[in-house]
Amino acid sequence: MSRNVVTFHYTLRDADGRILDASIGGEPISYLEGGGQIVEGLEEGLRGLAVGTRAEIGVPAAKAYGERDETQVQRVLKSLLPIEGEVQPGDQFRAGEDAFAPIVTVRGVEGEELLLDANHPLAGVDLNFEVEVLAVRAATDEECAHGHAHGADGADGEKDCGEGCGCHGT
Ligand code: ZN
């Protein structure tokens, strides 16, 4: 079965219309269909759209970053954490050394303890993507083998498969 690589620009808003993120003004996003590179509901909405199409795609939280899980909110002694200086509600930091450690958000400061929330910052948030499809092409064998797109033209293997990808061996 052939798979496509889709390249698109997006503006992401929450239910109140606030812009959370956008690719406009930067590099467009390229992804391999079925590769899990973008949130499920957005990929469903983009499927089959022709080049040049502009569309609004609403994605409920369950098909984006999931519903909030209150068991992911925990009290932790500040002294156990790799942070220095003042901490305020809303601060975010990585819960570990490596680049894939989850990002946690400080919900409260209670004396020596912090209330930490390990939910994804967009968990529980219904998302609204305004998209423009820039290109659709067949994926290369290499992209299918790796499970991700190598840029808009398929030539960015080295760039996209550098650090953190692991698909070019270590
Ligand atoms: Zn690759």
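Analysis parameters
- Residues numbered from 1 in each chain as written.
- Predicted model: local features only at pLDDT ≥ 70, side-chain atom pairs only at ≥ 80, totals over all residues.
- Heavy atoms only, no water.
- Helix = DSSP H or I, 4+ residues; strand = E, 2+ residues; numbered from the N terminus.
- Buried < 20%, exposed > 50% of the residue type's maximum accessible area, 1.4 Å probe, protein only.
- Salt bridge = Lys/Arg side-chain N within 4 Å of Asp/Glu carboxyl O.
- Domains from an automatic or database assignment.
- Polar contact = N/O pair within 3.5 Å; in protein donor to acceptor, adjacent residues only side chain to side chain.

### Here's the deal with the overall build of the protein
No. 1: Along the protein, the regular secondary structure elements total 3 helices and 9 strands.
No. 2: Listed N to C, the secondary structure of the protein is β-β-β-α-β-β-β-β-β-β-α-α in terms of helices and strands.
No. 3: If one aligns the C-alpha atoms of the protein with their principal axes, the spans along those axes are about 55 × 45 × 30 Å.
No. 4: Residues counted as buried form 33% of the 170 residues belonging to the protein.

### Points about the pattern of salt bridges
No. 1: Enumeration over the complete set of coordinates arrives at 9 salt bridges.
No. 2: Across the salt bridge formed by Arg68 and Glu70, the nearest N and O atoms sit 3.1 Å from each other.
No. 3: Taking the relative accessible area as the measure of exposure, Arg68 reaches 34% and is therefore partly exposed.
No. 4: We classify Glu70 as exposed; its relative accessible area is 52%.
No. 5: The partner of Arg68 in a salt bridge is Asp117, with the nearest N and O atoms 2.9 Å apart. Separated by 49 residues along the polypeptide, Arg68 in the loop between strand S4 (54–59) and strand S5 (73–77) and Asp117 in strand S8 (residues 113–117) bring together distant segments of the chain.

### A word on the domain arrangement of the protein
No. 1: Each assigned domain of the protein is listed with its residue range as follows: domain 1 (4–65 + 123–146) and domain 2 (70–117).
No. 2: In this structure, domain 1 and domain 2 have C-alpha centres spaced 30 Å apart.

### Examining the environment of His148
No. 1: Topologically, His148 is positioned in the loop between helix H2 (141–146) and helix H3 (157–160).
No. 2: Residue His148 is classed as buried on the basis of its relative accessible area, which comes to 14%.
No. 3: Taking the C-alpha atoms as reference points, His148 and Glu33, separated by 115 residues in sequence, lie 8.3 Å from one another.
No. 4: At a separation of 3.4 Å, a polar atom in the side chain of His148 contacts the side chain of His150.

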